Amino acid sequence: MAWRGCFLCWSKGDILTLSYRGSRAAFLTQQRRGFRRASKKTETKPVEAEDAGRRQPVSSDTAVQKKGLAPHSEAPAPAAARSFTRLFKPMVFTLGFTGCSFATAAIWQYESLKSRVQSYFNEVRADWLERIRPQKQGDIRKQVNQWWSSLSEGQRTVTGIIAANALVFCLWRVPSMQRTMMKYFTSSPASKAVCAPMILSTFSHYSLFHMAANMYVLWSFSSSVVSLLGREQFMAVYLSAGVISTFVSYVCKTAMGRLGPSLGASGAIMTVLAAVCTKMPEAKLAIIFLPMFTFTAGSALKAIVAMDTAGLILGWRFFDHAAHLGGALFGIWYVFYGHELIWKNREPLVKIWHEMRTRGPGGGGGASP
């Protein structure tokens, strides 16, 4: 297991873009408190403030959008948007989405186990046909299948996550999609859309470097975490972690009055990293650039949590430390308590699903359960 996973997750690759304009450098950060707009002579026009009855001037950055220098950011929300009452819907969404994620994972595992025997016979038949079929030289499909078979179960599981992140990254490059991406693929408690971005922003990266760094971390730890949890449980934990870490970010942003947008898979990846380090605290890790220095996974996790805690208390704004810390704490909690409380109590739901699946049309009585 490469330490670069922890190192990149610590630093989070959070630099999105560095655009120079004269002598000034405008930084855009992922999982950061907000975006700074590229400097430009602005013209003001009145727009209606969100959740307020008055009108206020907002600078126009249409030209900046057309040049693709930075994603469009929404106008700062008035004081009414900073009320904790706005967090009620995100809280309900977090609880509901987490419950649905684990319920779906339990049903998915049931269906996987049920079809395992049939899949085994299908694989035996496919292998037999492959042996008697003439082999094709230079068959690209065969090479892809061989590469896919060489991957671990964890690597095959996260391939879909990486593909989804790559697709969203490409959408950021489409100028006509900028407003949609800012609305639904960046998370902010002051935004009109507060629920959908909690999960969509987990797959959103504006910088190629940031996406590559986060996906490398996920790829590096995928085999370990899937071997510990299984692919179904891992997917439920990963998706839930994205929403939970975003909700923690919402709470801290509202409390501090910093309502800028955030995006990125940092919170969910912190959960993966924390779960592995908690389950295997004595594992030896190393920084990829300094392989001669090794340390335990437990020590690395403590350092990461301490850094994000200090950043949250001291108000550092380069990273979204609240999302990082929320993801890490969720990973630690799930290893110690969540697995017992949630995953091991899935039998009633699986039993209900089993009865629904095995009851044929007209074969189990007409009464509904």
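Shown above is the structure to which this text applies.
Below or above, wherever it landed, is the structure these notes cover.

Conventions and cut-offs
All residue numbers here refer to positions counted from 1 along the written sequence of the relevant chain. Reporting in this predicted model follows two pLDDT cut-offs: at least 70 for local features of residues, and 80 or more for side-chain atom pairs to be given and counted; totals over whole chains, interfaces and linings ignore these cut-offs and use all residues. Side-chain figures throughout are based on the complete set of non-hydrogen atoms in the structure, without hydrogens or water. Where helices and strands are cited, they refer to DSSP runs of H or I of at least four residues and of E of at least two residues respectively, numbered from the N terminus. Burial here depends on accessible area, computed with a 1.4 Å probe over protein chains only, as a share of the maximum for the residue type. Under 20% is buried, over 50% is exposed, and the range in between is partly exposed. Only heavy atoms enter the contact rule, under which two residues are in contact if any of them lie within 4.5 Å. Accessible areas in this description were obtained via Shrake-Rupley with a 1.4 Å probe; residue shielding takes into account the shown protein chains only. Lines are fitted to the C-alpha atoms to define the axes, a helix being fitted only along its stretch in contact, and any angle between axes, read from their N-to-C directions, falls within 0 to 180 degrees. Each angle receives one of four descriptions, namely roughly parallel if under 35 degrees, roughly antiparallel if over 145, roughly perpendicular if within 65 to 115, and oblique otherwise. Less than a right angle of anticlockwise turn of the near helix away from the far helix marks a crossing as left-handed, whereas a clockwise turn marks it as right-handed. As a working rule, the residues Ala, Val, Leu, Ile, Met, Phe, Trp, Tyr, Cys and Pro are called nonpolar, Asp, Glu, Lys and Arg charged, and the rest polar, with Gly in that last group. Two N or O atoms form a polar contact when they lie within 3.5 Å of each other; inside protein one atom must be a possible hydrogen donor and the other a possible acceptor, and for residues adjacent in sequence the pair counts only when both atoms belong to side chains.

1. Observations concerning the overall build of the chain
Secondary structure summary: the chain contains 14 helices and 6 strands in total. Scored against the burial criterion, the 369 residues of the chain give a buried share of 44%. For the chain, the share of sequence-separated contacts (at least 6 apart) that also reach a separation of at least 24 residues comes to 73%. Accessible area of the chain: about 19500 Å², with a carbon and sulfur share of 62%.

2. Focus: the packing of helix 10 (residues 231–256) against helix 11 (residues 266–279)
The contact between helix 10 and helix 11 brings their axes to 7 Å, and the two run at 130 degrees. For the element pair helix 10 / helix 11, the angle class is oblique. Considering how the two elements wind past one another, helix 10 and helix 11 form a crossing that is right-handed. Every residue of helix 11 that contacts helix 10 at Phe-234, Val-237, Tyr-238, Ala-241, Gly-242 and Ser-245 is listed here: Gly-267, Ala-268, Ile-269, Thr-271 and Val-272. In terms of residue class, the contact of helix 10 with helix 11 is made up of 7 nonpolar, 4 polar and no charged.

3. Considering the side chain of Asp-320
Looking at the element boundaries, Asp-320 is found in the loop between helix 12 (297–314) and helix 13 (321–341). Overall, Asp-320 belongs to the buried group, its relative accessible area being 0%. Polar contacts involving the side chain of Asp-320 include one to the side chain of Ser-249, which spans 2.6 Å.

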